[in-house]
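Now for the letters of each chain:
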Amino acid sequence: MSVPVRETSSNNGMESKQEMARSLLKTSSMSIRTKLLHKTGVSLYDTSHGFHEEVVKKKLQQFPGGSVDLQREDSGIGILTLNNPSKMNAFSGVMMLQLLERVIELESWTEGKGLIVRGAKSTFSSGSDLNAVKALGTPEDGVAMSMFMQNTLTRLMRLPLVSVALVQGRAMGGGAEVTTACDFRLMTRESEIRFVHKEMGIVPSWGGAARLVNIIGNREALKVLTGALKLDSKKALDIGMVEEVLQSSDETESLEEAQEWLKQFIKGPPEVIRALKRSVSSGKELCLEEALQNERDLLGTLWGGPANLEAIARRAKFNK
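Note that the structure is predicted; figures quoted are calculated from it, not measured.

1. Things to note about helix α8 (residues 208–216)
Consideration 1: Regarding α8, the residues found buried are Gly-208, Arg-211, Leu-212 and Ile-216. Down the axis of α8, the buried set is contained in an arc of 115 degrees. They therefore lie on one face. Summarising the geometry of α8, the exposed residues directed more than 90 degrees from the buried face are Ala-210 and Asn-214.
Consideration 2: Positive backbone phi, at 90 degrees, marks Gly-217, one or two positions downstream of α8.

2. Quick word on the nonpolar core
Consideration 1: With 49 residues, the main nonpolar core has Phe-148, Ile-193 and Met-241 as its most contacted residues.
Consideration 2: A per-element tally of this core places helix α4 (residues 93–107) first, with 7 residues.
Consideration 3: Beyond its immediate chain neighbours, meaning those up to four positions away, Met-241 contacts Thr-179, Thr-180, Arg-185, Ile-193, Phe-195, Leu-212, Ile-215, Ile-216, Leu-231 and Ala-236.
Consideration 4: In terms of nonpolar packing, the next biggest core, distinct from the first, is built from 14 residues, Ile-79, Val-162, Leu-166 and Leu-262 among them.

3. What about the sheet that holds strand β7 (residues 192–194)?
Consideration 1: Pairing within the open sheet is mixed, and its 3 strands lie in the order β5-β7-β8. Only two strands of the sheet have a single neighbouring strand rather than two, namely β5 (170–172) and β8 (230–232). In this sheet, adjacent strand axes meet at a mean angle of 15 degrees when their direction is disregarded.
Consideration 2: Strand direction decides the pairing type here: β5 and β7, joined by 3 bridges, are parallel. Note that in β7 the partner of Arg-170 across the bridge is Glu-192.

4. Some thoughts on helix α6 (residues 139–157)
Since the α-helix advances by 3.6 residues per turn, residues separated by three or four positions end up pointing in the same direction.
Consideration 1: Over its 19 residues, α6 runs 26 Å from end to end, which matches the ideal 27 Å to within 8%, given 1.5 Å per residue.
Consideration 2: Counting buried positions over the 19 residues of α6 gives 14, a clear majority of the element.

5. Regarding unusual backbone geometry
Consideration 1: The phi dihedral of Asn-89 falls on the positive side, at around 60 degrees, and the residue is not glycine.
Consideration 2: By the secondary structure assignment, Asn-89 is in the loop between β2 (77–83) and α4.
Consideration 3: Backbone geometry at Ala-228 places phi at a positive 45 degrees, although glycine is not the residue there.
Consideration 4: Turning to its location among the elements, Ala-228 is positioned in the loop between α9 (218–226) and β8.

6. With respect to the packing of aromatic side chains
Consideration 1: Tallied over the entire structure, the rule returns 4 aromatic pairs.
Consideration 2: Measuring from centroid to centroid gives 5.2 Å for Phe-184 and Trp-261, while their planes differ by 75 degrees, and the two rings are edge-to-face. With a gap of 77 residues between them, Phe-184 in strand β6 (residues 184–187) and Trp-261 in helix α11 (residues 251–263) connect regions that are remote in the sequence.
Consideration 3: Here Phe-184 falls in the partly exposed class, since its relative accessible area comes to 22%.
Consideration 4: Of the residues examined, Trp-261 reaches a relative accessible area of 9% and is grouped as buried.
Consideration 5: Aromatic ring contacts, followed pair by pair, group Phe-184, Trp-261 and Phe-265 into a single cluster.

7. A look at the sheet that holds strand β3 (residues 114–119)
Consideration 1: Strand order across the open sheet formed by 6 strands is β1-β2-β3-β4-β6-β9, with mixed pairing between neighbours. With one partner strand each, in any of the chains shown, β1 (67–72) and β9 (244–245) form the two edges of the open sheet.
Consideration 2: As defined by bridge partners, β3 adjoins strand β4 (residues 162–167) across 4 bridges and the pair is classed as parallel. Each residue of the ladder has a partner; that of Gly-114, found in β4, is Val-162.
Consideration 3: Its contacts with the sheet place α4 against β1, β2 and β3, and it is angled at close to 20 degrees to β1.

8. Quick notes on the pattern of salt bridges
Consideration 1: One pass over the structure, following the stated rule, counts 18 salt bridges.
Consideration 2: Of the charged contacts in the structure, one is a salt bridge between Lys-87 and Asp-129, with a shortest N-O distance of 3.2 Å. You can see Lys-87 sitting in the loop between β2 and α4 and its partner Asp-129 sitting in the loop between β3 and α5 (130–135), a full 42 residues away along the chain.
Consideration 3: Its relative accessible area of 34% is what places Lys-87 among the partly exposed residues.
Consideration 4: Across the pair Lys-234 and Asp-238 runs a salt bridge, and its minimum N-O distance is 3.1 Å. Here Lys-234 and its partner Asp-238 are both found in helix α10 (residues 233–238), 4 residues apart, which amounts to about one turn of the helix.
Consideration 5: Assessed through its relative accessible area of 57%, Lys-234 is described here as exposed.
Consideration 6: Overall, Asp-238 belongs to the exposed group, its relative accessible area being 53%.
Consideration 7: A single salt-bridge network, built from bridges that share partners, covers Glu-53, Glu-54 and Lys-57.

9. With respect to the packing of helix α3 (residues 53–60) against α4
Packed helix pairs are specified by the crossing angle of their axes together with the interaxial distance, meaning the distance between the axes.
Consideration 1: Axis separation between α3 and α4 bottoms out at 8 Å; the angle between their running directions is 135 degrees. Classified by the angle their axes make, α3 and α4 are oblique. Judged by residue contacts, Glu-53, Lys-57 and Leu-60 of α3 engage Gly-93, Val-94, Met-96, Leu-97 and Leu-100 from α4.
Consideration 2: Grouping the constituent residues of the contact of α3 with α4 by class yields 5 nonpolar, 1 polar and 2 charged.

Cut-offs and rules
Residues numbered from 1 in each chain as written. Predicted model: local features only at pLDDT ≥ 70, side-chain atom pairs only at ≥ 80, totals over all residues. Heavy atoms only, no water. Buried < 20%, exposed > 50% of the residue type's maximum accessible area, 1.4 Å probe, protein only. Helix = DSSP H or I, 4+ residues; strand = E, 2+ residues; numbered from the N terminus. Arc of directions from axis to C-beta. Core = buried A, V, L, I, M, F, W, Y, C linked by side-chain atoms within 4.5 Å. Contact = heavy atoms within 4.5 Å. Pairing = 2+ DSSP bridges. Axes fitted to C-alpha atoms, helices over the stretch in contact; angles between N-to-C directions. Expected span 1.5 Å × (residues − 1). Phe/Tyr/Trp six-rings, centres within 6.5 Å; stacked < 30°, edge-to-face > 60°. Salt bridge = Lys/Arg side-chain N within 4 Å of Asp/Glu carboxyl O. Parallel < 35°, antiparallel > 145°, perpendicular 65-115°, else oblique. Nonpolar A, V, L, I, M, F, W, Y, C, P; charged D, E, K, R; others polar.

Right, here's the structure in full:
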């Protein structure tokens, strides 16, 4: 027979706090969309929508070239680089697959707080590699690729990391759409963002139009899309597409500037920054009642936790 062990009051207190958080999560009447925001690794489309991911992956694997590279800094900032400079960092099929792989890595990076998405060699991305576009020429292929990239970029957008697109050179077509999956955008002076889809006889299909409306409003978005407007750094700043125009256009210096800009928003414990990002994501995507429930649930995971107790202790010491 095992001997019962007396638990300390601190252990009891910690367990009760954890139980409170768990009970809050269990009792929430969450919609499917709310559950998607609670979980990482959940995609928009699956077989119930006629989307067969493994089939799409096999097709995309046929178009090699370039890479999507991820560097994780001790500061809690990840640097995601679109690397296909010979084609202005256009997405090959393999790069689309690698983008999903890097997003999955970031979903499990619990120490992460921020993310910078950039292109190699001082340009962002020119969109899809035309070799893949030409080969995947049927409407069924186009829709399947659209669903794949919408899945990936929605997961990127929902990462519990404060994300910034660093736009150097050109962000065109699909490249422009990728910038909208980030929380913020920074541009160098000579750079431009342009949704050229109209000139290709299509609409944005990686979720860019819907996200663009959230960023600049429906009227400006309609102008940008129907006019295929060239958004230089001044115009983009004026309409609220970007937060700031960087001083340097040098590849290394502009990355350093972007990191310093981002650091002001990620000071603090990772669990707090990540929860704040999740709360804003729910406020953006959910109805008010569901967003409030999600906010409550997030609080239950932090209240009485290490960061909260340490902050209270600091304030108490300061106020003596």
